[in-house]
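Commentary on secondary and tertiary structure
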Amino acid sequence: MFAHGPCAAWSRRISSVHSIEERLASARKQERWATVYRESPEIFRAFENAEDPDGVAALRLAEIAGVRGKRVLEVGCGTGWLTRAVAPLATTHVAVEPELRMLERAEFLGAAEVLRARGESLPLKASSFDRAVMSFVLLDLRPSVRSAVLAECERVLCASDDHAGTWVIENAGSGAFQELRGIEDLEGHGEVRPLVEDCGFEVVETVETELRFNDAAQAELVLGTILGERVRAVLKRQPRASIPLHIALLFRPRRD
Ligand SMILES: C[S@@+](CC[C@H](N)C(=O)[O-])C[C@H]1O[C@@H](n2cnc3c(N)ncnc32)[C@H](O)[C@@H]1O
């Protein structure tokens, strides 16, 4: 666990000096998500494979969102990580994704109907879904696009039952992975704060899972490449194949 190692000491020192906003800004400068995603797909793929490998968070979202027997829209399905948990339970599951290369690599989409489209411009009829779901999409979007995607979700949702609304999966503010990135926020919401404060989401539950790599060398290579040299150095000093990961499940009820 990082909680007792040099990473925790570094993290405590940094978080006592810098606000969460400053630490998030610093992480955004150091981390190379978009570059890795474009230029080193094999690294990104290894990260995806390591992230919550047993699908605990996706299965829990499917359970508490009550998707069984419902019409579900998924925005930004990527290669199908959340789709694989939700589609088998839903009556219909329509997944939209704008990136062709994601769709080409998608696996086990099961009963889902997949459309190449953007969340802010859904080629779908109004009031035709009971739930909207997304994993690791909203926080990557500019605030104006984020609002447009949420407005489209509202348009296609109908007042089917009291639980109609939008469910989202993002990283929580706690856990060793956020500590490693220098953005842990035990008192607050960490990176999901804009979703809570600006978009009307509530954190319903935090699921404790892990990033599980093949071995410590793969963890160092993948996380060092994505998160930057400081993280690579920490993982060189403290080799580990598994890193605790806390995932937040958030809900925003459909608005009348
Ligand atoms: C980090 S990936 C997450 C993929 C998948 N949901 C998962 O959890 O593995 C973000 C996804 O959002 C998609 N995306 C980006 N902008 C989007 C938009 N405006 N509308 C819908 N999807 C978008 C990307 O193409 C990418 O597949």
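Above this note sits the structure.
Remarks on the overall build of the chain
Within the chain one finds 12 helices and 7 strands. Summarising its shape, the C-alpha atoms of the chain cover approximately 55 × 35 × 30 Å along the three principal directions. Sequence-distant contacts, at least 24 apart, represent 73% of the contacts inside the chain between residues at least 6 apart. Carbon and sulfur atoms form 51% of the exposed surface of the chain, whose accessible area is close to 11900 Å².

Regarding the sheet that holds strand 5 (residues 165–171)
Taken in spatial order, the 7 strands of this open sheet run 3-2-1-4-5-7-6, and their pairing is mixed. Only two strands of the sheet have a single partner each, and these edge strands are strand 3 (113–115) and strand 6 (202–212). Neighbour-to-neighbour, the strand axes of this sheet turn through a mean angle of 20°, independent of strand direction. Relative to strand 3, strand 2 (residues 92–96) runs parallel, the two sharing 3 bridges. Within the sheet, the bridge partner assigned to Val 96 lies in strand 3 and is Leu 115.

A word on the site of the ligand
In the region of the ligand, 18 residues are neighbours, and Gly 76, Glu 97, Gly 119, Glu 120 and Ser 135 sit closest. One of the side-chain N or O atoms of Arg 118 is found 3.5 Å from a nitrogen atom in the ligand. At 2.8 Å from a nitrogen atom of the ligand is found a main-chain nitrogen or oxygen belonging to Gly 119. Burial of the ligand by the surrounding chains reaches 89%, relative to a free accessible area of 590 Å².

Focus on the packing of helix 11 (residues 216–227) against helix 12 (residues 229–237)
Two numbers describe how helix 11 lies on helix 12: the axes approach to 7 Å, and their chain directions differ by 160°. By the criterion of interaxial angle, the relationship of helix 11 to helix 12 is roughly antiparallel. The way helix 11 lies across helix 12 gives a crossing that is right-handed. For the pair formed by helix 11 and helix 12, the contact residues are Ala 219, Glu 220, Leu 221, Leu 223, Gly 224, Thr 225 and Leu 227 on the first element and Glu 229, Val 231, Arg 232, Leu 235 and Lys 236 on the second. Among the residues making up the contact of helix 11 with helix 12, the classes are represented as 6 nonpolar, 2 polar and 4 charged.

Scoring rules and cut-offs
- Residues numbered from 1 in each chain as written.
- Predicted model: local features only at pLDDT ≥ 70, side-chain atom pairs only at ≥ 80, totals over all residues.
- Heavy atoms only, no water.
- Helix = DSSP H or I, 4+ residues; strand = E, 2+ residues; numbered from the N terminus.
- Contact = heavy atoms within 4.5 Å.
- Areas by Shrake-Rupley, 256 points an atom, 1.4 Å probe, with all protein chains shown as cover.
- Pairing = 2+ DSSP bridges.
- Axes fitted to C-alpha atoms, helices over the stretch in contact; angles between N-to-C directions.
- Near = heavy atom within 4 Å.
- Polar contact = N/O pair within 3.5 Å; in protein donor to acceptor, adjacent residues only side chain to side chain.
- Parallel < 35°, antiparallel > 145°, perpendicular 65-115°, else oblique.
- Left-handed = near helix turned anticlockwise from the far one by under 90°.
- Nonpolar A, V, L, I, M, F, W, Y, C, P; charged D, E, K, R; others polar.

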